[in-house]
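Observations on chain architecture
One-letter residues, chain by chain:
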Amino acid sequence: MHLKKQAISLLTVISILGCGAISAFAKEWPVPASTVINQYFNGSDHKGLDIRASTKGIAGDKIVAAYDGKVVNAGYHQSKRAGGSYGWLVVIDHTIKGKEIQTWYAHLDKAPVVDKGDLVDEGDKIGVMGNSGDSKGVHLHFEMRKGSGFNFDNTPVDPLDYFTEYRPPNYLLPQSSNDIEIGDTLDSNSEDYTFYSMEEINAMTPEQRIELGIPLE
Ligand SMILES: [Zn+2]
């Protein structure tokens, strides 16, 4: 798929032999069309980056897997706490330089195009940017966490520690103060939440989805 991918394939093979797990050195910014960051990771009440749409307010920007990995879960997340719903969500496990790390992609516009158990390559489309769940505008809430599995206790880390090239002053500043908006107030933990897997959702009638508050697409 990518020329650079071929270039790193030997390294990847060596790494797989070395640690017996999925591994990757290549990475891909999760929103190829936009590097505008609305809100940063702060470790406490915002555990990810909010990446704005390429055209403010317009859903549909492609979202891609940041690394090679395996989809841990894909579906719809609701929180009982106000402001805590991730909406359409994908979580992917990776092994980066021998360490377990995962990426979380929230507020997708529609049901993800990947499902639990899928193997993905970095750069593969997993869904499109949207505004589902508790979101104040079209954006991607992107988290990276240590560990594996669908677990809100996994420790969030700053994605810009991995995507250092997007740190100030290299990242693109919003063009005007009107463009600066807080995308969400997600600060998840192991509080009560409900997560509907794609398998469960696909088995529902439209009426059931409406009743549970799951968008029909
Ligand atoms: Zn966010």
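This structure is a prediction, so every number in the text was calculated from the model and none was measured.

Core analysis: the largest hydrophobic core is formed by 36 residues, its most contacted members being Leu 89, Val 90 and Tyr 105. For this core, the elements supplying multiple residues, two or more each, are strand 2 (49-52), strand 4 (69-79), strand 5 (87-96), strand 6 (99-108) and strand 9 (139-146). If one sorts the elements of this core by residue count, strand 5 sits on top with six residues. Dropping the residues within four chain positions of it, Tyr 105 is found in contact with Pro 30, Ile 63, Leu 89, Val 90, Ile 126, Gly 127, Leu 140 and Phe 142.

For strand 5, the buried fraction is high: 10 of the 10 residues fall into the buried class. Sheet analysis places strand 5 next to strand 6, joined by eight bridges and oriented antiparallel. If you follow Val 90 over to strand 6, its bridge partner there is Tyr 105.

The next thing to look at is the confidence of the model for the protein. It should be kept in mind that the predicted coordinates are not to be read in detail where pLDDT is low. On average, residues of the protein score 83 in pLDDT, and 77% of them are at 70 or above. Across residues 1-24 the pLDDT falls below 50, and counting only partners more than four positions away or on other chains, this stretch makes 27 contacts in the model. Ignoring residues within four places in sequence, the model shows residues 173-180, a span with pLDDT below 50, making five contacts including any to other chains.

Attention now moves to unusual backbone geometry. A positive phi is found at Lys 97, a non-glycine position, where the angle reads about 50 degrees. Following the sequence through the fold, Lys 97 ends up in the loop between strand 5 and strand 6. A tally of 10 C-beta atoms within 10 Å means that Lys 97 is categorised as exposed. Here the phi dihedral of His 107 falls at roughly 70 degrees; this positive angle occurs in a residue that is not glycine. Its location among the elements puts His 107 in strand 6.

Along the polypeptide, Leu 140 turns up in strand 9. Residues Leu 140 and Met 129, spaced 11 residues apart in sequence, show a C-alpha to C-alpha distance of 5.9 Å. Non-local contacts of Leu 140, meaning those with residues more than four positions away in its chain, are made with Pro 30, Val 31, Ile 51, Ile 63, Tyr 105, His 107 and Met 129.

Assignment of secondary structure puts Met 198 in helix 2 (residues 198-202). Judged by the 19 C-beta atoms lying within 10 Å of it, Met 198 falls in the partly exposed class. Sequence-wise, Met 198 and Asp 115 are 83 residues apart; in three dimensions their C-alpha atoms are separated by 6.8 Å. In contact with Met 198, not counting residues within four places along its chain, are Ala 74, Gly 75, Ala 111, Asp 115 and Lys 116.

Rules used throughout
Residues numbered from 1 in each chain as written. Predicted model: local features only at pLDDT ≥ 70, side-chain atom pairs only at ≥ 80, totals over all residues. Core = buried A, V, L, I, M, F, W, Y, C linked by C-beta atoms within 7 Å. Buried ≥ 20, exposed ≤ 12 C-beta atoms within 10 Å, placed from the backbone. Helix = DSSP H or I, 4+ residues; strand = E, 2+ residues; numbered from the N terminus. Contact = placed C-beta atoms within 7 Å. Pairing = 2+ DSSP bridges. pLDDT = per-residue confidence, 0-100.

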